[in-house]
Amino acid sequence: MAIPAVPHARSTPDPSVDGPWRDPSRTPEERVADLIPRMTLEEKAAQLYGIWVGADADGDGVAPHQNDMVDPVDWDALTTRGLGQLTRPFGTAPVDPGLGALALARAQSRIAGAGRFGIPALAHEECLAGFTAWGATAYPVPLSWGAAWNPELVAEMARRIGEDMRAVGIHQGLAPVLDVVRDLRWGRVEETIGEDPYLVATLGTAYVRGLESAGIVATLKHFAGYAASAGARNLSPVRAGAREMADVILPPFEMALLEGGARSVMHSYAEIDGVPAAADPELLTGLLRDTWGFTGTVVADYFGIGFLETLHKVAADRAGAARLALTAGVDVELPTVRSYGDVLVTAVREGAVDEELVDRALRRVLLQKCELGLLDPDWSPLPAALKDTDPGQARERVDLDPPENRALARELAEQACVLLANPGGTLPLRAPGRIAVVGPRADDALAMLGCYSFPSHVGVSHPESTMGIDVPTVLEAVRAEFPDAGVGFAEGCAVDGTDTSGFAEAVRLAGDADVCVAVLGDRAGLFGRGTSGEGCDAADLALPGVQGELLDALLATGTPVVLVMLTGRPYGLGPWAGRAAAVVQAFFPGEEGGPALAGVLSGRVNPSGRLPVGVPRGAGGQPWTYLQPPLGLASGVSSLDPTPLYPFGHGLSYTAFDWEGGDPEPAELPTDGSADVEITVRNSGDREGAEVVQLYLHDPVAQTTRPQARLIGYARVPLAAGAAARVRFRFHADLASFTGTGGRKVVEPGDLELRFAPSSDADAVRRTVRLRLTGPERVVDHRRRLVCGVSVEPVPVAEPAAP
């Protein structure tokens with residue numbers, strides 16, 4: 001059961017292999033410069049692709065066109081050349097984490113032992129909502145991170161994820177997703193952080209910092225434009241203009257690289273104005289490297305290089321696809337070898353591809369391996385989790401879901417629950433005698449999990465395996481939260497389909513109850529196997545199946561109905577506005593989502609989530625987000641009113657908050673200047689809670705049309721009852737920059753308004769600060785201020801006056 005030793009050091013040095021590159025005291029650049037000339041072309045190419053062990057062309061795939069694109073590989077033949085990456089050693093099939101770590105260590109020993117240089121592979125995994133491995137903590141999905149508005153908590157979650165991955169031998173994580181939502185019908189909305197680029201950028205950057213702090217290479221995806229697909233169809237062409245790209249789509253990537261330090265980028269499947277991202281040197285080299293200064297690796301989205309030939313039709317064959325991708329700047333082919341192996345070697349030898357392109361990508365790959373310690377003589381395949389474990393006793397020795405992880409998952413889930421409506425004060429529930437829990441999402445553990453959580457992503461294809469983690473359902477959590485109440489359950493209907501035969505039992509149960517909790521929503525899946533998730537795009541935003549009819553039937557009973565939405569995207573809730581006793585929204589809140597929701601219902605948890613995407617009134621009228629210029633808003637020139645039912649940033653609490661601060665006179669500020677603006681928030685209720693202070697920019701007149709308002713800063717402010725805090729933002733004029741008529745980002749002189757508000761609704765503004773920017777128009781670039789600094793200081797409680 002022992003793990004084979006790796007022949008890094010030889011008793012008799014081989015001058016063709018050994019040299020300064022083995023010396024850790026030298027710089028990575030010196031080591032890699034010495035190593036590359038020692039390698040054959042086959043060995044060079046081998047470092048530029050991964051191998052996906054266990055993936056095949058049968059059954060339900062977890063990547064687009066997997067069944068068409070997976071080719072058989074000869075492991076023994078390929079690994080004698082070395083190997084760039086190992087694809088998803090934990091996320092391909094259920095495996096005990098200890099046994100998985102042992103299997104990975106043995107695979108790495110074989111790889112290092114088979115090649116001349118003894119270089120192991122870099123192992124990568126998905127980690128969007130937690131490490132995508134059997135038995136690992138399933139955290140809330142990114143849309144829930146957006147709902148929590150808490151960068152520090154997101155960073156801590158990412159650090160925990162990274163430490164778990166690192167402990168079992170993983171080096172690179174394929175997260176975060178930095179796509180900005182442009183159309184709520186897109187299936188992958190659940191994977192995004194929201195519809196605002198500043199919210200996406202700051203929370204995504206926090207995730208990057210947390211993951212990188214654990215030693216894991218964070219991979220930004222999908223670069224770029226993927227979420228702006230026409231008609232919200234997955235992989236559909238993107239027709240975004242240059243300004244939408246520059247001002248909405250690219251800023252999150254810019255911030256996560258420049259402020260977060262991400263070491264890898266994954267190109268998107270998108271074609272933008274006819275040019276696929278994987279074949280776009282202006283994007284992957286000109287912008288990413290020459291302008292932003294990125295020095296890490298660019299990896300292919302799964303089969304993305306092959307798609308240049310098979311889907312985009314810009315390459316005639318595999319060699320052509322390899323040439324386009326390498327020229328553009330794609331360093332690593334994932335998930336498995338197709339174009340960068342023997343096909344590439346032949347193309348180089350025939351003169352179709354310049355070997356310098358191979359060396360350019362190889363240099364980046366080896367520098368990263370050097371930084372990770374994979375070129376060091378003392379490298380060991382044994383991961384940290386197995387250091388003190390007999391390999392024969394590895395089973396059940398690695399816990400990827402410890403209590404501290406679950407506590408963090410609970411905290412994030414609680415902060416991400418959004419109370420949308422509570423018109424009659426029905427919530428929190430006060431000692432109900434009979435509770436009817438109804439709906440297709442009420443008693444299904446998978447209702448808590450997004451499509452990239454292991455049980456939904458992989459586990460559904462292995463029904464013989466247990467889930468690997470405990471995921472309480474809403475029904476189970478309600479019964480635990482209200483032990484003295486009689487809690488009944490009826491499913492009512494399925495998530496989708498047309499069967500209404502369960503309505504009668506659900507209506508009977510609701511009619512006999514004091515309150516009905518209707519738990520409706522999505523089933524996460526892949527490529528049409530769900531109502532939300534990759535490849536599960538929606539024609540409109542009507543509730544899936546007959547769930548809307550079920551809700552109507554429950555409301556007709558006269559029993560107060562609390563609507564709980566467990567979804568991956570928002571749905572049009574206008575038909576039930578004002579009819580439900582309360583509405584709570586949760587976006588796939590993870591393994592602790594059930595208890596978090598039950599806590600909101602009971603009042604144990606004071607809801608503090610705020611919407612990262614607006615909730616539409618109707619099922620149609622999309623695409624629409626709040627980032628609209630005047631003509632994108634409701635007006636008399638169209639019979640369609642796109643105004644959402646609940647706007648971006650909206651969320652209610654069980655306590656009340658007063659915002660204090662007058663409207664000052666207009667202040668002048670140079671176009672390169674900064675100023676502090678502040679507001680005081682007071683918890684005027686009788687219990688602790690958290691307010692989210694949002695700062696929006698309104699530019700009344702500009703050289704190009706501008707959104708009526710856009711988020712430029714925010715702060716989550718927890719306050720005890722009666723307590724107050726001063727929230728101060730450091731506004732810099734750079735935050736008012738936008739892409740002008742000349743195609744460059746500018747800060748132009750003129751009037752601005754800074755609006756303090758609890759949501760993006762113009763009628764909700766609590767304080768307006770008017771500024772006038774003076775001086776010349778400035779052209780700015782990636783060196784501009786990207787973040788609005790914020791500080792929160794407690795305000796001392798005034799002492800009572802002396803008698």
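Notes on the structure in this doc start here. Here the structure is a predicted model, which is why all the values come from computation and not from measurement.

Thresholds applied
Residues numbered from 1 in each chain as written. Predicted model: local features only at pLDDT ≥ 70, side-chain atom pairs only at ≥ 80, totals over all residues. Heavy atoms only, no water. Pairing = 2+ DSSP bridges. Helix = DSSP H or I, 4+ residues; strand = E, 2+ residues; numbered from the N terminus. Disulfide = S-S within 2.5 Å. Buried < 20%, exposed > 50% of the residue type's maximum accessible area, 1.4 Å probe, protein only. Salt bridge = Lys/Arg side-chain N within 4 Å of Asp/Glu carboxyl O. Axes fitted to C-alpha atoms, helices over the stretch in contact; angles between N-to-C directions. Left-handed = near helix turned anticlockwise from the far one by under 90°. Contact = heavy atoms within 4.5 Å. Nonpolar A, V, L, I, M, F, W, Y, C, P; charged D, E, K, R; others polar. Core = buried A, V, L, I, M, F, W, Y, C linked by side-chain atoms within 4.5 Å. Phe/Tyr/Trp six-rings, centres within 6.5 Å; stacked < 30°, edge-to-face > 60°. Lys NZ or Arg CZ within 6 Å of the ring centre and 35° of its normal. Patch = residues over 30% accessible without salt bridge, like charges linked within 9 Å, V, L, I, M, F, W, Y side chains within 5 Å. Areas by Shrake-Rupley, 256 points an atom, 1.4 Å probe, with all protein chains shown as cover. Lys, Arg positive; Asp, Glu negative; His and termini not counted. Charge placed at Lys NZ, Arg CZ, Asp CG, Glu CD. Arc of directions from axis to C-beta. Polar contact = N/O pair within 3.5 Å; in protein donor to acceptor, adjacent residues only side chain to side chain. Expected span 1.5 Å × (residues − 1).

### Digging into the sheet that holds strand 1 (residues 50-51)
Reading across the sheet, the 7 strands line up as 1-2-3-4-5-6-9 and stay open at both edges, with parallel pairing between neighbours. Both edges of this open sheet fall to strand 1 and strand 9 (297-299), since each of them pairs with a single strand only. Pairing of strand 2 (residues 85-87) with strand 3 (residues 122-126), which is carried by 3 bridges, proceeds in the parallel orientation. Across the sheet, the residue bridging to glutamine 85 is leucine 122, located in strand 3.

### Description of the state of the cysteines
Summed over all chains, the structure comprises 0 disulfides. Just so you know, cysteine 417 is unpaired, no disulfide at all, and the nearest cysteine sulfur is the one on cysteine 516, 18 Å from it. The closest cysteine sulfur to the non-disulfide-bonded cysteine 516 is located on cysteine 493, 12 Å from its own sulfur. Given the relative accessible area of 0%, cysteine 516 is considered buried.

### Structural notes on the pattern of salt bridges
For side chains bearing opposite charge, pairing can occur when the charged atoms are close. Inspection of every chain in the model, using the stated rule, returns 51 salt bridges. With a closest N to O distance of 3.1 Å, arginine 38 and aspartate 34 form a salt bridge. Neither residue differs from the other here; arginine 38 and aspartate 34 are each classed as buried. Between arginine 604 and glutamate 414 there is a salt bridge; the shortest N-O distance is 3.5 Å. Of this pair, arginine 604 sits in the loop between helix 21 (593-602) and strand 16 (657-660) while glutamate 414 sits in helix 16 (residues 403-416); the two residues are 190 residues apart in sequence, bridging distant segments of the chain. In this structure arginine 604 comes out as partly exposed when scored by relative accessible area, which is 41%.

### Thoughts on the packing of helix 19 (residues 503-511) against helix 20 (residues 547-555)
In helix packing, the relevant descriptors are the interaxial angle and the interaxial distance, both defined with respect to the helix axes. Viewed as axis vectors pointing N to C, helix 19 and helix 20 meet at an angle of 35°, and their least axial separation amounts to 9 Å. Crossing of helix 19 over helix 20 shows right-handed handedness. From helix 19, Phe503, Ala506, Val507 and Ala510 reach across to helix 20, where they touch Glu549, Leu550, Ala553 and Leu554. For the contact of helix 19 with helix 20, the per-class residue count stands at 7 nonpolar, no polar and 1 charged.

### Here's the deal with the nonpolar core
Formed by 227 residues in total, the largest nonpolar core has its most connected members in Phe131, Tyr207, Phe223 and Tyr340. Residues within four places of phenylalanine 131 in sequence aside, it is in contact with Phe90, Glu125, Glu126, Ala136, Thr137, Ile161, Asp164, Met165, Val168, Ile170 and Leu400. Counting residues in hydrophobic clusters, the runner-up holds 38 residues, among them Ala138, Val478, Val519 and Val562.

### What about the pairing of strand 20 (residues 710-719)?
The side chains of a regular strand alternate, residue by residue, between the two faces of the sheet. Of all 10 residues that make up strand 20, 9 are buried, and the element is covered over most of its length. Note that strand 19 (residues 689-698) and strand 20 share 9 bridges and pair antiparallel. Among the inter-strand pairings, glutamine 694 is bridged to a residue of strand 20, identified as tyrosine 714.

### Some details on the packing of aromatic side chains
The geometry of an aromatic ring pair comes down to the distance between the two centres and the angle between the two planes. If you walk through the whole model with that rule in mind, you get 15 aromatic pairs. Ring geometry for tryptophan 149 versus phenylalanine 648: centroids 5.5 Å apart, planes at 50°, classification tilted. Here tryptophan 149 is found in the loop between helix 6 (142-148) and helix 7 (151-167), whereas its partner phenylalanine 648 is found in the loop between helix 21 and strand 16, with 499 residues between them in sequence. In this pair, the class of tryptophan 149 matches that of phenylalanine 648, namely buried. Judged by centre distance (5.2 Å) and plane angle (90°), the ring pair of tryptophan 149 and tyrosine 714 falls under edge-to-face. You can see tryptophan 149 sitting in the loop between helix 6 and helix 7 and its partner tyrosine 714 sitting in strand 20, a full 565 residues away along the chain. On the accessibility criterion, tyrosine 714 (7% relative accessible area) is buried. Note that lysine 221 overlies the ring of tyrosine 452, its terminal NZ or CZ placed 5.4 Å from the centroid.

### Digging into a negative patch on the surface
A surface patch of negative charge is lined by Asp443, Asp470, Glu476 and Glu491. Along the chain, aspartate 470 turns up in the loop between helix 17 (454-457) and helix 18 (474-481).

### What about the sheet that holds strand 26 (residues 778-779)?
One open sheet accounts for 3 strands, arranged 22-23-26; its pairing is antiparallel. With one partner strand each, in any of the chains shown, strand 22 (738-739) and strand 26 form the two edges of the open sheet. By the bridge criterion, 2 bridges tie strand 22 to strand 23 (residues 745-747) in an arrangement that is antiparallel. Among the inter-strand pairings, phenylalanine 738 is bridged to a residue of strand 23, identified as valine 746.

### Digging into the pairing of strand 18 (residues 674-683)
Relative to strand 18, strand 16 is paired through 4 bridges, and the arrangement is antiparallel. For phenylalanine 657, the partnering residue across the bridge sits in strand 18 and is asparagine 683. Where strand 18 and strand 21 (residues 724-732) come together, 9 bridges link them in antiparallel fashion. The residue of strand 21 that forms the bridge with arginine 682 is alanine 724.

### Some thoughts on helix 18
Taken as a whole, helix 18 has its buried residues at Val474, Leu475, Ala477 and Val478. Down the axis of helix 18, the buried set is contained in an arc of 165°. They therefore lie on one face. Those residues of helix 18 that are buried lie in contact with strand 11 (434-438), strand 12 (486-490), strand 13 (515-521), strand 14 (561-567) and helix 21.

### Observations regarding the environment of arginine 88
Relative to the assigned elements, arginine 88 resides in the loop between strand 2 and helix 5 (97-114). Taking the C-alpha atoms as reference, arginine 88 lies 5.8 Å from histidine 124; in sequence the two are 36 residues apart. Non-local contacts of arginine 88, meaning those with residues more than four positions away in its chain, are made with Trp52, Val62, His124, Glu125, Glu126, Thr132, Tyr302, His457 and Val458. Of note is the side chain of arginine 88, whose polar atom sits 3.1 Å from the backbone oxygen of glycine 91.

### Things to note about helix 15 (residues 355-371)
In this model helix 15 runs 24 Å from its N-terminal to its C-terminal C-alpha over 17 residues, within 8% of the 24 Å that 1.5 Å per residue would give. For helix 15, a buried count of 12 out of 17 residues is recorded, marking the element as mostly surrounded by other parts of the structure. Taken as a whole, helix 15 has its buried residues at Leu357, Val358, Asp359, Ala361, Leu362, Arg364, Val365, Leu366, Leu367, Gln368, Lys369 and Cys370. For helix 15, the N-terminal capping position is held by aspartate 354, with its side-chain oxygen 2.9 Å away from the main-chain nitrogen of glutamate 356. Residue glycine 373 follows helix 15 closely and has a positive phi angle near 85°.

### Observations regarding the side chain of glutamine 547
Within the fold, glutamine 547 resides in helix 20. Assessed through its relative accessible area of 0%, glutamine 547 is described here as buried.

### Description of the environment of glutamate 777
In this fold, glutamate 777 is placed in the loop between strand 25 (767-774) and strand 26. Considering only alpha carbons, one finds glutamate 777 and leucine 324, 453 residues apart in sequence, at a separation of 39 Å. Each residue touching glutamate 777, except ones within four places of it in the same chain, is listed here: Gln703, Val746, Val747, Glu748 and Pro749. Within the structure, the side chain of glutamate 777 is placed 3.1 Å from the side chain of glutamine 703, a separation counted as a polar contact.

### Remarks on unusual backbone geometry
Between lysine 221 and histidine 222 the backbone carries a cis peptide bond, its omega angle lying at 5°. For histidine 222, the position within the fold is in strand 5 (residues 217-223). Residue proline 428 is bonded to the preceding leucine 427 through a cis peptide linkage, with omega at -5°. As for its placement among the helices and strands, proline 428 is situated in the loop between strand 10 (418-421) and strand 11. Even without a glycine there, the phi angle at tryptophan 149 is positive, about 50°. For alanine 431, which is not a glycine, the phi torsion comes out positive at approximately 45°. Of note, alanine 431 is situated in the loop between strand 10 and strand 11.

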